[in-house]
Each structure stands twice: as structure tokens, then as C-alpha cells.
Amino acid sequence: MLTAMEQLLKEIAQCQVCAAHLPLGPKPTITASSKSKIVLVGQAPGLSVHQSGTPWDDKSGDNLRNWLQVEKATFYDPDQIALIPMGFCYPGRGKSGDLPPRKECAPLWHSKLLNQMPEVRLMVLIGQYAQNHYLGKQTKRTLTETVQNFNHYLPRFFVLPHPSPRNNIWQAKNPWFVQSVLPELRNRVHEALASH
């Protein structure tokens, strides 16, 4: 017998809702477990992730693991960390990089997933799509302001910019991110992972 979570993940794997809009077809890329303690909510898989089938299997993922200070083994253990993007499939390319995540996924699947995840201690909202969805009007005027005010959203949510290498310039302009946000992020992540 499949558990409710296994059944749900199976349904997601077979999802065809926006097949007509996906240049490479549907290939939902998420990992989750009913025991997950942390949920990382990202944007949507990029091309290399679509090809490998492994979430965050790129330079952005390397940066993110460095920010969190977690080993790959922990990062990819769904009983520890769930990796749930706003759009589950590669959306294709636009003029300045990947297109935004499809709008259908999060309303359709996120609450169903979270309802099966009673152990979640922390949700990390990565980038403006995740922040707008979960925080709504509580977001600030800009992503930078939202991240600067990260402690407003604790203890449930931790807000981050996207860890894309393209954001290295942003990091260089905002030294407070490395000085004050990352140490707190690491504390919260390690606390959540240590909880039983």
C-alpha cells in the first residue's frame, strides 16, 4: 500500500497540466517526504536539472548548499530537506534567461504536499516567486528589502535571494547578506535538522 505522500508524489510525477506550454515536455523535479524538516522553495528547474532529474544539480545548487552549510547527502535526503520549486518543470528560455515558473504548480500541489509534512520546522523561500506566493503583501518593495528584513518572517519562513552565480554582483553590493543573514540562516537550518 502506498502512503498518502507516496500516492501524491506519484500523481505529481504524472502531471500533464501545463504540458502544452513546456518546450521539453513535463518532467516534475521535486523531492519530499512526510518526515521532511526543512522545505526549500525555489523557482523552477533549469535545463541542466531537467536533463539530470536532480533538483539544484548546478552552480546555483552549489552556492545554496554553501549558504546553508549542509552536505550533499543531507541536502538530498528528503527525510531532512524537501526540494519543492514554484514550478516543477523546466519552463523554457526567454530573452534574459529561463522563463518564470509556470503559475499552475504551486496552487495545485503545494498545500497538498505541506499537508503531508507535519515535521516541517522551517521553509526557506528562495527568490521573489516563492516569497510573493507565501508572504503576499508582507513582502517589501524589493527583494533586497525583503531579505534585509528576514527576521520579520521568522520562525516559519527564511527569505533568500536566488543563489544563481549571476547574483554574485548583488552579493558584492550587499555585504550585510554574508555578515548577518547567512550566519542566522545556518543556525536556523542546523536547529531544524537537529529537531526530532
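A quick note: this is a predicted structure, and the numbers were derived from the prediction, not measured. Position numbers for residues count from 1 along each chain, tracking the sequence in the order it is written. Local features are withheld for residues below a pLDDT of 70 in this predicted model, meaning they are given only at 70 or higher, and side-chain atom pairs are given and counted only at 80 or more; totals for whole chains, interfaces and linings count all residues. Here the side-chain values reflect all heavy atoms present in the structure, with hydrogen atoms and water set aside.

**Quick notes on empty space enclosed by the protein**
Just so we agree on the cut-off: Cavities and pockets are found on a 1 Å grid laid over the protein atoms alone: a cavity is a set of points where a 1.4 Å probe fits but cannot escape, a pocket is an open set with protein on both sides within 12 Å along at least five of seven lines, and a lining residue has an atom within 4 Å of such a point. Grid points are joined across faces, edges and corners, and a volume is the space filled by probe spheres set on the points. Lys, Arg, Asp and Glu make up the charged group, whereas Ala, Val, Leu, Ile, Met, Phe, Trp, Tyr, Cys and Pro make up the nonpolar group; the residues left over, Gly among them, are polar. A helix here means a DSSP run of H or I that spans at least four residues, while a strand means a run of E at least two residues long, and both kinds are numbered starting from the N terminus.
The final tally for this structure, using the stated rule, is two cavities of 30 Å³ or more. Of the volumes computed, that of the largest cavity is approximately 70 Å³. Considering the residues around the largest cavity, the lining is formed by 13 residues, among which C15, C18, P28, C89 and C105 are closest to the centre. Tallied by class, the residues present in the lining of the largest cavity amount to twelve nonpolar, one polar and no charged. Estimated volume of the second largest cavity: approximately 30 Å³. Lining the second largest cavity are V39, V41, I84, H110, L114, M123 and Y134. Where the lining of the second largest cavity is concerned, the elements lending two or more residues are β1 (38-41) and α5 (105-115).

**Concerning the layout of surface pockets**
Looking at the largest pocket, its volume works out to about 780 Å³. What lines the largest pocket is a set of 33 residues, among which Q43, A44, D98, H162 and R166 lie closest to the centre. Those elements that provide at least two residues to the lining of the largest pocket are α2 (47-52), β4 (97-98) and α6 (128-135). Per element, the largest residue contribution to the lining of the largest pocket is three residues, and it comes from α2.

**Focus: the nonpolar core**
Formally: Residues grouped as a nonpolar core are buried Ala, Val, Leu, Ile, Met, Phe, Trp, Tyr and Cys residues, joined through side-chain atoms within 4.5 Å. We call a residue buried when its accessible area falls under 20% of the maximum for its residue type, exposed when it is over 50%, and partly exposed in between, using a 1.4 Å probe and counting protein chains only. Whether two residues are in contact is decided by their heavy atoms: any pair within 4.5 Å suffices.
One finds L40, L113, M117 and L160 to be the most contacted residues of the largest nonpolar core, which totals 54 residues. Among the elements that take part in this core, helix α9 (residues 176-194) stands out by supplying eight residues, more than any other. Ignoring any residue separated from it by four or fewer positions in sequence, one finds L40 in contact with L64, L68, F75, I81, A82, L83, I84, V124 and I126.

**Some details on helix α1 (residues 4-13)**
The condition is simple: Working definition: the arc comes from the directions between the helix axis and the C-beta atoms, pointing outward to the latter.
Of all the positions in α1, only M5, L8 and I12 are classed as buried. Across the axial projection of α1, the buried residues extend over an arc of 60°, all falling on one side. Where the residues of α1 are buried, they touch α5.

**Concerning the environment of S60**
For S60, the location among the structural elements is in helix α3 (residues 59-68). Contact partners of S60, with chain neighbours within four places excluded, come to H162, P163, S164 and P165.

**Let's talk about the packing of aromatic side chains**
To keep it simple, the criterion reads: Between the rings of Phe, Tyr and Trp (Trp by its six-membered ring), a pair exists once the centres lie within 6.5 Å; its type follows the angle of the planes, with under 30 degrees stacked, over 60 edge-to-face, and the other angles tilted. Each ring is checked for a lysine NZ or an arginine CZ that lies within 6 Å of its centre and within 35 degrees of its normal; such an atom marks a charge sitting over the ring.
Going through the model one piece at a time under the given rule, you end up with seven aromatic pairs. Here the aromatic rings of W176 and F177 are separated by 6.5 Å at their centres, their planes lie at 85°, and the arrangement is edge-to-face. Put simply, the rings of W67, W170, W176 and F177 pair up and form one aromatic cluster. For R65, the ring lying beneath its charged end belongs to F75, and the centroid distance is 4.9 Å. Cation over ring: R156 sits above F157, and NZ or CZ is 5.8 Å from the ring centre.

**Considering the pairing of strand β5 (residues 122-126)**
Note the following rule: Following DSSP output, two strands are said to pair if at least two bridges run between them.
For β5, the buried fraction is high: five of the five residues fall into the buried class. Taking every second residue as pointing to the same face, both faces of β5 are buried, with L122, V124 and I126 on one and M123 and L125 on the other. Bridging between β1 and β5 involves four bridges; their strand directions are parallel. Of the residues in β5, the one forming a bridge with V39 is M123.

**Concerning the sheet that holds β5**
Threshold: Between the N-to-C directions of two axes lies an angle of 0 to 180 degrees, each axis being a line fitted to C-alpha atoms and, for a helix, fitted only over the stretch in contact.
One open sheet accounts for four strands, arranged β2-β1-β5-β6; its pairing is parallel. Lying at the two open borders of the sheet, with one neighbouring strand each, are β2 (81-83) and β6 (157-160). On average, each strand axis in the sheet is tilted by 20° relative to the strand beside it, whichever way the strands run. In terms of strand pairing, β1 meets β2 through three bridges, oriented parallel.

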